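Architecture and fold: a report
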Amino acid sequence: QVQLVESGGGLVQPGGSLRLSCVASGTTFTIDTLGWYRQAPGKQRELVARISSGGMTNYIDSVKDRFIISRDNAKFTVFLYMNRLKPEDTAVYYCNRLVNFQTTSVLDAWGQGTLVTVSS
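This one's a predicted model, so the numbers in the text were calculated from it and none came from an experiment.

1. So, the side chain of Arg 66
On the secondary structure map, Arg 66 appears in the loop between strand 6 (57-59) and strand 7 (67-72). For Arg 66, a relative accessible area of 5% corresponds to the buried category. A polar side-chain atom of Arg 66 sits 2.9 Å from the main-chain carbonyl oxygen of Arg 84. Of the polar contacts made by the side chain of Arg 66, one reaches the side chain of Asp 89; its length is 2.7 Å.

2. Looking at unusual backbone geometry
Within the chain, Asp 65 stands out as a residue other than glycine whose phi angle is a positive 70°. Among the secondary structure elements, Asp 65 is positioned in the loop between strand 6 and strand 7. Asp 65 sits in the exposed class, given a relative accessible area of 71%.

3. Observations regarding the packing of aromatic side chains
Under the defined criterion, the tally for this structure stands at 4 aromatic pairs. With a centroid separation of 6.1 Å and an interplanar angle of 40°, the aromatic rings of Phe 79 and Tyr 81 are classed as tilted. Assessed through its relative accessible area of 12%, Phe 79 is described here as buried. On the basis of relative accessibility, which here comes to 32%, the residue Tyr 81 falls in the partly exposed class. Considering the side-chain rings of Tyr 94 and Trp 110, the 5.7 Å spacing of their centres and the 70° angle between planes classify their relative orientation as edge-to-face. Placement of the pair is Tyr 94 in strand 9 (residues 91-98) and Trp 110 in the loop between strand 9 and strand 10 (114-118), with a sequence separation of 16 residues. An aromatic cluster of three or more residues is present, and its members are Tyr 37, Tyr 94 and Trp 110. Cation over ring: Arg 45 sits above Tyr 94, and NZ or CZ is 4.2 Å from the ring centre.

Quick notes on the rules
- Residues numbered from 1 in each chain as written.
- Predicted model: local features only at pLDDT ≥ 70, side-chain atom pairs only at ≥ 80, totals over all residues.
- Heavy atoms only, no water.
- Helix = DSSP H or I, 4+ residues; strand = E, 2+ residues; numbered from the N terminus.
- Buried < 20%, exposed > 50% of the residue type's maximum accessible area, 1.4 Å probe, protein only.
- Polar contact = N/O pair within 3.5 Å; in protein donor to acceptor, adjacent residues only side chain to side chain.
- Phe/Tyr/Trp six-rings, centres within 6.5 Å; stacked < 30°, edge-to-face > 60°.
- Lys NZ or Arg CZ within 6 Å of the ring centre and 35° of its normal.

Encoded structure:
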């Protein structure tokens, strides 16, 4: 069974930065398309960034040029570097494996996520 464990969230001031990590187990990982999702209070979960097995990336418009998704296959880890954070980035962040790069559908059960709060 695949397990995904997110970490790295916290309280940060507007304009600050955070690095989120997601460690996977129970999967080959190197062939997986991976994504970072977030769910803000009262809103639906949304896919923020995705990365293919070959390193191709895609972002939603609101985080382009601020967030960077990367992966370390040797460590079974996917990262989300978040820069110039805004209050509207406040959410619980989750990672998951995508069915493929063209979809937002996921393969695995959701983990606990990691809370990011952007506030002064």
